[in-house]
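Notes for the structure review
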Amino acid sequence: MIDSKMLVLVVEDEPKLAQVLLDYLSANNYATTWLADGREVVKYFSDRPAHEQPDLVLLDLMLPGRDGLEVCKDIRKISNVPIIMITARVEEIDRLIGLEIGADDYICKPFSPREVMARIKVILRRIPHPEEGVSTPSTALTHLQLDESRFEARYHNQLLELTPAEFRLLKTLADAPGRVFQRDQLINHVYDDQRIITDRTIDSHIKNLRRKMSLISPEDVIRSIYGVGYKLEL
Ligand code: CA
């Protein structure tokens, strides 16, 4: 197997901060690219063939030109790459989650670079590489197929474009159809590190999942159980 490094795209306008991240990433054996301007991000993605796309994006919220929120939405229109948002204030995290912009995790400044590396590892190890996926069992329900080895979801035989967090969430629900999961149980399945993950993060991912699934079929298979959590009924 070719030992190709994971590519992490850092979008950060402060050169010193960016350099710290790039140094740590290199030391942790990641390939890196740095963009200081949010307006360059979409072009960066569209200029590259599929196999050269970043494996993860570290995205600062406060950027000149085009802020991190807009950039995150831009990326989500063209890619399901995991995105970790970096924000200067912990209070902003709640607001970001409420906006459902499709980021996978949030880190607050000031952060320790080691913490950032740990979060990256957690997210990336959930994404199996196709060449490693020999025979991972896939969830197969009548209308929903989840192939963990390819990180691919099909709903009514159509490809469902999901972020890693959404895939994990749907996989958890689909592994036990009809079972009601509490939000904190879902958090445990979707995130190993739950320091800043709130119930609203799960609600936000569920909303996105429902929206994406409803584009394929109008029936709402994810049921909210008032005061408890969610279950999947197919
Ligand atoms: Ca900034």
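First, a word on what this report is: a plain description of the structure on this page. (Residues numbered from 1 in each chain as written. Predicted model: local features only at pLDDT ≥ 70, side-chain atom pairs only at ≥ 80, totals over all residues. Heavy atoms only, no water.)

**Describing the packing of helix H6 (residues 164–175) against helix H8 (residues 199–214)**
- Interhelical geometry of H6 versus H8 gives an angle of 85 degrees and a closest axis separation of 10 Å. Taken as axis vectors, H6 and H8 run roughly perpendicular relative to one another. Contacts from Ala165, Glu166, Leu169, Leu170 and Leu173 of H6 reach H8 at Ile202, His205, Ile206, Asn208, Leu209, Lys212 and Met213.
- When its residues are assigned to classes, the contact of H6 with H8 shows 8 nonpolar, 2 polar and 2 charged. (Axes fitted to C-alpha atoms, helices over the stretch in contact; angles between N-to-C directions. Helix = DSSP H or I, 4+ residues; strand = E, 2+ residues; numbered from the N terminus. Parallel < 35°, antiparallel > 145°, perpendicular 65-115°, else oblique. Contact = heavy atoms within 4.5 Å. Nonpolar A, V, L, I, M, F, W, Y, C, P; charged D, E, K, R; others polar.)

**Notes on the sheet that holds strand E2 (residues 31–35)**
- Ordered in space as E2-E1-E3-E4-E5, the 5 strands form an open sheet in which the pairing is parallel. Two strands lie at the open edges of the sheet, namely E2 and strand E5 (105–108), each paired on one side alone. Neighbour-to-neighbour, the strand axes of the sheet open up by a mean angle of 20 degrees, direction not taken into account.
- Looking at chain direction, strand E1 (residues 7–11) and strand E3 (residues 56–60) are connected through 4 bridges and run parallel. Within the sheet, the bridge partner assigned to Leu9 lies in E3 and is Val57.
- Docked against the sheet, helix H1 (residues 15–27) engages E1, E2, E3 and strand E4 (83–87), running at close to 170 degrees with respect to E2. (Pairing = 2+ DSSP bridges.)

**Observations concerning the sheet that holds strand E11 (residues 222–225)**
- As summarised here, the arrangement of the 3 strands in space is E10-E12-E11, forming an open sheet in which the pairing is antiparallel. The sheet is open, and its two borders are formed by strand E10 (181–182) and E11, each paired with just one other strand.
- The pairing of E11 with strand E12 (residues 229–232) spans 4 bridges and is antiparallel. When the sheet's bridge partners are listed, Ser224 is paired in E12 with Tyr230.
- The strands touched by H6 are E10, E11 and E12; relative to E12, the strand with the most contacts, the crossing angle is about 70 degrees.

**Regarding the coordination of the calcium ion**
- Every protein donor of the calcium ion is listed here as Asp13 (OD), Asp60 (OD) and Met62 (O), and their distances to the metal cover 2.1 to 2.3 Å.
- Positions of the donor residues of the calcium ion, expressed as sequence spacing, correspond to D-x46-D-x1-M. Taken together, the residues span a long stretch of sequence, with Asp13 in the loop between E1 and H1 and Asp60 in strand E3 at a distance of 47 residues.
- Of the residues examined, Asp60 reaches a relative accessible area of 2% and is grouped as buried. (Donors = N, O, S within 2.8 Å, 3.2 Å for Na, K, Ca; no water. Buried < 20%, exposed > 50% of the residue type's maximum accessible area, 1.4 Å probe, protein only.)

**What about the environment of Asp74?**
- Structurally, Asp74 is set in helix H3 (residues 68–78).
- For Asp74, a relative accessible area of 11% corresponds to the buried category.
- Spatially, the C-alpha atom of Asp74 lies 9.6 Å from that of Arg39, the residues being 35 residues apart in sequence.
- Setting aside anything within four residues of it in sequence, one finds Asp74 in contact with Val42 and Arg66.

**Some remarks on the pairing of E12**
- The alternating pattern of E12 places Gly229 and Lys231 and Tyr230 and Leu232 on opposite faces, both of which are buried.
- Alignment of E10 against E12, held across 2 bridges, turns out to be antiparallel. Looking across to E12, one finds that Gln182 is bridged to Gly229.
- If you look at the hairpin formed by E11 and E12, you'll find 3 residues sitting between the two strands, and Gly227 has a positive phi there, around 75 degrees.

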